[in-house]
Amino acid sequence: TLRMRVPALLILLVCFRGRAGPSPHFLQQPEDLVVLLGEEARLQCALGAYWGLVQWTKSGLALGGQRDLPGWSRYWISGNAAKGQHDLHIRPVELEDEASYECQATQAGLRSRPAQLHVLVPPEAPQVLGGPSVSLVAGIPANLTCRSRGDARPIPELLWFRDGVRLDGITFHQTLLKEGTPESVESTLTLTPSSHDDGATLVCRARSQALPAGRDTAITLSLQYPPEVTLSAAPHTVQEGEKVTFLCHATAQPPVTGYRWAKGGSPVLGARGPRLEVVADASFLTEPVSCEVSNAVGSANRTTALDVLFGPILQAKPEPVSVDVGEDASFICAWRGNPLPRVTWIRRGGAQVLGSGPTLRLPSVGPEDAGDYVCRAEPGLSGRGGGAAEARLTVNAPPVVTALHSAPAFLRGPARLQCLVFASPAPDAVVWSWDEGFLEAGSRGRFLVETFPAPEGHEGQGPGLISVLHISGTQESDFSRSFNCSARNRLGEGGARASLGRRDLLPTVRIVAGVAAATTTLLMVITGVALCCWRHGKASASFPEQKNLMRIPGSSDGSSSRGPEEEETGSGEDRGPIVHTDHSDLVLEEEGALQTKDPTNGYYKVRGVSVSLSLGEAPGGGLFLPPTSPLGPPGTPTFYDFNPHLSIVPPCRLYRARAGYLTTPHPQAFTSYIKPTSFGPPDLAPGTPHFPYAAFPTSSHPRLQTHV
């Protein structure tokens, strides 16, 4: 058998080598080979000093010793056998050809090292799921899957490319068959597309050692995305009041379905479409305009603010400030405008600029700093806006007391003293004091104190008060003593002294009184003589019965004569002769000649005499005091309404029908005087100056009328 022959042949070969020369050996042994499926594989084998049988084995299976290898149609041995060349060829290579091959010199007992034949299978073109056009939504992460199927050897690598650039973010995994061989290979690309990716081409490449260049599959991205909006305004910089056009441009897939406009977050009613026209004002600087565009996928919003040029607008007025003397004071005044307005501070009534900017600081203020401070903003480039705002600085200090001018008074008549008090904070008390006492409010003996609010005083001086000291029935000591008006608050005390001036009866009044007395005496003598003559001449009847009347005219209507019949009846409205005086002149006017026909039968009827002296009357029944106004120019009389406090109307006039009046400030003219309990506040009519007392023109001399 063959097994028995082989050892014998080996023994013979050894013997032969010993006799014939070098022993057989390999000149070239086969190497591992990698070949593509379908191509030709060549395993090289060369022997030296050997001319016997050479055969190839495949994974231990002998292929045969013949050169054409019968039974193996794709296999053959090539080369010059005489030179020991015995190369094995396989064409075309198939997957079953992948094995371990040996070259053996059978007769010499030589075996080459095993050579591994690797058959490579190129990958097929990969498949992208959803291709060739993949629909995605912009902004939403998506996964793209590339799959390679088949018997590719080795397992291919799947890569993603865009515009020749390899993409990152790839996840690779493979699926195995039950037998353990891979069925498919997948590669997943994770991306978040944008609208710019619409229409982009992505490539999945399957690459392996069998096909280094790889095979590609391309897909096109079809993106759905919400609108991309651009918002513009023309012109962007505009004067207040000018027209501005906003344009909202949008690209979207699918197409735009609607536009929505808003200003400062509030919808613009009636605005539709991509265009909006408005008239610019200051609000557009802080309230931007927005455009929102929508489609089936979503919506997008863009906002822009205009650069509106406008004049200053007051945002925050300065607040009144009240500080104590020596403290710092500050005002804040806020204006806005574009460009930013220039703000300056002045004091009302002055022109000096005290500061600029929104804040004014006054260090360590004193009473002289009290007043109104004004912040001004100049108009803008368009001439619009601007203006001023002011606030008052009140400096808290001890009260400032000023004695006001008071009218001179008659002895044993009423008198009045006044003082003006300014204080911040308001005074706790205003007190009048004199030699034997003091009085804050109410009455005490002959004295009565009343306090009234004063009209607004000087800027920042605080509230004002007028304190009035009334004196009824003045005495000699009142004209020689000093009266002190004082006020106090938490910061200190202030005071002022006032004195009472004395007023005497005018010489004219004295003269008129003397003339009246003389006239009365004369009339009484004449009456006595007439009566005497009448009695003695009663028997004489030839005289007609006629009354003689002596009249001194002076009544207001100028007619006081009567007929004889009136004299006979002795009416209670008899009007006797009147003496009328104007100033110091005594004028006697005879209206009709006295006719005496019979001294014994005639008679003179003389009426009683009454003298009426009264203080002058101002409109409304008030008391007119000739002295000047305490705050007005010299010579301006003051008026104070005593009418509500007197129990007679008018208080200082004696009435007699159709009689004239004697006006004089002499206190004895009050025939029925009742001491008032309150004199009431000063009559401060609207629009009058500070502490106004209504002034009425009057004659510089009193008028005297005497009724006889």
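Residues numbered from 1 in each chain as written. Predicted model: local features only at pLDDT ≥ 70, side-chain atom pairs only at ≥ 80, totals over all residues. Heavy atoms only, no water.

Quick look at the overall build of the chain
Logical step 1: Broken down by element type, the chain carries five helices and 53 strands.
Logical step 2: The 708 residues of the chain split such that 41% are buried.
Logical step 3: Looking at the chain alone, contacts between residues at least 24 apart form 66% of all its contacts between residues at least 6 apart. (Helix = DSSP H or I, 4+ residues; strand = E, 2+ residues; numbered from the N terminus. Buried < 20%, exposed > 50% of the residue type's maximum accessible area, 1.4 Å probe, protein only. Contact = heavy atoms within 4.5 Å.)

Section: unusual backbone geometry
Logical step 1: In this chain, Gly 131 is followed by Pro 132 through a cis amide linkage whose omega measures 0 degrees.
Logical step 2: Secondary-structure assignment places Pro 132 in the loop between strand 12 (127-128) and strand 13 (133-137).
Logical step 3: At the junction of Arg 153 and Pro 154, the peptide bond is cis and its omega measures out at -5 degrees in the coordinates.
Logical step 4: One non-glycine residue with positive phi stands out, namely Ser 364, at about 45 degrees.
Logical step 5: Topologically, Ser 364 is positioned in the loop between strand 34 (359-362) and strand 35 (371-377).

So, the pairing of strand 34
Logical step 1: Every second residue of strand 34 is oriented toward a common face, the buried set being Leu 360 and Leu 362 and the non-buried set Thr 359 and Arg 361.
Logical step 2: Inspection of the sheet shows strand 30 (residues 329-332) paired to strand 34 by four bridges, in the antiparallel sense. Across the sheet, Ala 329 pairs through a bridge with Leu 362, a residue of strand 34. (Pairing = 2+ DSSP bridges.)

Side note on the state of the cysteines
Logical step 1: Considering all chains together, one arrives at five disulfides under this definition.
Logical step 2: Paired by a disulfide, Cys 146 and Cys 204 hold their sulfur atoms 1.7 Å apart. Its S-S torsion of approximately -90 degrees makes the covalent link between Cys 146 and Cys 204 left-handed. In this pair, Cys 146 sits in strand 14 (residues 142-149) while Cys 204 sits in strand 19 (residues 201-208), placing the two residues 58 residues apart along the sequence.
Logical step 3: For Cys 204, a relative accessible area of 0% translates into the label buried.
Logical step 4: Two residues share a disulfide in this structure: Cys 248 and Cys 291, whose sulfurs sit 2.0 Å from each other. Between Cys 248 and Cys 291 the disulfide shows an S-S torsion of about -90 degrees. By sign, it is left-handed. Placement of the pair is Cys 248 in strand 22 (residues 243-253) and Cys 291 in strand 26 (residues 289-294), with a sequence separation of 43 residues.
Logical step 5: We classify Cys 291 as buried; its relative accessible area is 0%.
Logical step 6: Sequential numbering of the bridged cysteines in the chain gives the disulfide pattern 1-2, 3-4, 5-6, 7-8, 9-10. (Disulfide = S-S within 2.5 Å.)

Side note on the pattern of salt bridges
Logical step 1: One pass over the full model with this rule turns up 25 salt bridges.
Logical step 2: Linking Glu 102 and Arg 111 is a salt bridge whose minimum nitrogen-to-oxygen distance equals 3.0 Å.
Logical step 3: Arg 111 sits in the exposed class, given a relative accessible area of 57%.
Logical step 4: One connected set of salt bridges, linked through shared partners, spans Arg 74, Glu 94, Glu 96 and Asp 97. (Salt bridge = Lys/Arg side-chain N within 4 Å of Asp/Glu carboxyl O.)

Some details on the sheet that holds strand 31 (residues 334-338)
Logical step 1: In space, the three strands of this open sheet follow the order 21-28-31, with mixed pairing throughout. The two strands at the open ends of the sheet, each matched to only one other strand, are strand 21 (237-239) and strand 31. Within this sheet the neighbouring strands show an average axis-to-axis angle of 35 degrees, counted without direction.
Logical step 2: In the sheet, strand 28 (residues 307-316) pairs with strand 31 via four bridges, with the strands oriented antiparallel. Each bridged residue has a counterpart across the sheet, and for Leu 314 the counterpart in strand 31 is Trp 335. (Axes fitted to C-alpha atoms, helices over the stretch in contact; angles between N-to-C directions.)

Observations concerning the nonpolar core
Logical step 1: Of all hydrophobic cores here, the largest spans 24 residues; its most connected members are Trp 56, Tyr 75, Leu 88, Ile 90 and Tyr 101.
Logical step 2: Within the residue set of this core, elements represented by two or more residues are strand 3 (41-43), strand 5 (54-58), strand 7 (75-78), strand 8 (87-90), strand 9 (100-105) and strand 11 (115-120).
Logical step 3: If we ignore the near neighbours within four places in the chain, the residues touching Tyr 101 are Leu 43, Trp 56, Thr 57, Lys 58, Tyr 75, Leu 88, Ile 90, Arg 113, Pro 114, Ala 115 and Leu 117. (Core = buried A, V, L, I, M, F, W, Y, C linked by side-chain atoms within 4.5 Å.)

Topic: the sheet that holds strand 39 (residues 437-439)
Where strands meet in a sheet, backbone hydrogen bonds hold them as pairs that are either parallel or antiparallel.
Logical step 1: With antiparallel pairing, four strands are arranged side by side in an open sheet as 39-38-43-44. Taken across any chain shown, the strands that pair with only one partner, and hence form the sheet edges, are strand 39 and strand 44 (492-499). Pairwise comparison of adjacent strand axes, ignoring direction, gives a mean angle of 25 degrees for this sheet.
Logical step 2: Pairing of strand 38 (residues 429-434) with strand 39, which is carried by three bridges, proceeds in the antiparallel orientation. Across the sheet, Ser 433 pairs through a bridge with Phe 438, a residue of strand 39.

Some thoughts on the side chain of Asp 478
Logical step 1: Examined against the element boundaries, Asp 478 turns out to sit in helix 3 (residues 476-480).
Logical step 2: There is a polar contact of 2.6 Å between the side chain of Asp 478 and the side chain of Arg 481. (Polar contact = N/O pair within 3.5 Å; in protein donor to acceptor, adjacent residues only side chain to side chain.)

Examining the packing of aromatic side chains
Logical step 1: Enumeration over the complete set of coordinates arrives at six aromatic pairs.
Logical step 2: A centroid spacing of 6.4 Å and a plane angle of 55 degrees characterise the contact between Phe 447 and Phe 483, whose relative ring orientation is tilted. Taken together, the positions of Phe 447 in strand 41 (residues 447-453) and Phe 483 in strand 43 (residues 482-489) put the pair 36 residues apart, joining distant regions of the chain.
Logical step 3: Phe 447 sits in the buried class, given a relative accessible area of 6%.
Logical step 4: The class for Phe 483 is buried, based on a relative accessible area of 0%.
Logical step 5: Every member of this aromatic cluster is reached through a ring pair, and the members are Phe 331, Trp 345 and Tyr 373.
Logical step 6: One cation-aromatic arrangement involves Arg 205 over Phe 161; the distance from NZ or CZ to the ring centre is 4.4 Å. (Phe/Tyr/Trp six-rings, centres within 6.5 Å; stacked < 30°, edge-to-face > 60°. Lys NZ or Arg CZ within 6 Å of the ring centre and 35° of its normal.)

Some points on the environment of Gln 475
Logical step 1: Along the chain, Gln 475 falls in the loop between strand 42 (464-471) and helix 3.
Logical step 2: For Gln 475 and Arg 412, which are 63 residues apart along the polypeptide, the C-alpha to C-alpha distance reads 5.8 Å.
Logical step 3: Each residue touching Gln 475, except ones within four places of it in the same chain, is listed here: Leu 411 and Arg 446.

A short note on the environment of Gly 65
Logical step 1: Relative to the assigned elements, Gly 65 resides in the loop between strand 6 (61-62) and strand 7.
Logical step 2: Classification of Gly 65 by relative accessible area gives partly exposed; the value is 36%.
Logical step 3: Counting along the chain gives 12 residues from Gly 65 to Leu 53, while the straight-line C-alpha distance between them is 6.4 Å.
Logical step 4: Beyond its immediate stretch of four places on either side in the chain, Gly 65 contacts Leu 53, Val 54 and Gln 55.

Regarding the environment of Arg 111
Logical step 1: When you line up the elements, Arg 111 lands in strand 10 (residues 110-111).
Logical step 2: The spatial distance from the C-alpha of Arg 111 to the C-alpha of His 25 is 9.6 Å, given a sequence separation of 86 residues.
Logical step 3: The residues touching Arg 111, leaving out its near neighbours within four places in the chain, are Phe 26, Glu 102, Cys 103 and Gln 104.
Logical step 4: Within the local environment of Arg 111, its side chain forms a polar contact with the side chain of Glu 102, the two groups lying 3.0 Å apart.

As for the confidence of the model for the chain
Logical step 1: For the chain, mean pLDDT is 75; residues scoring 70 or higher make up 69% of the total.
Logical step 2: Ignoring residues within four places in sequence, the model shows residues 541-708, a span with pLDDT below 50, making 317 contacts including any to other chains. (pLDDT = per-residue confidence, 0-100.)

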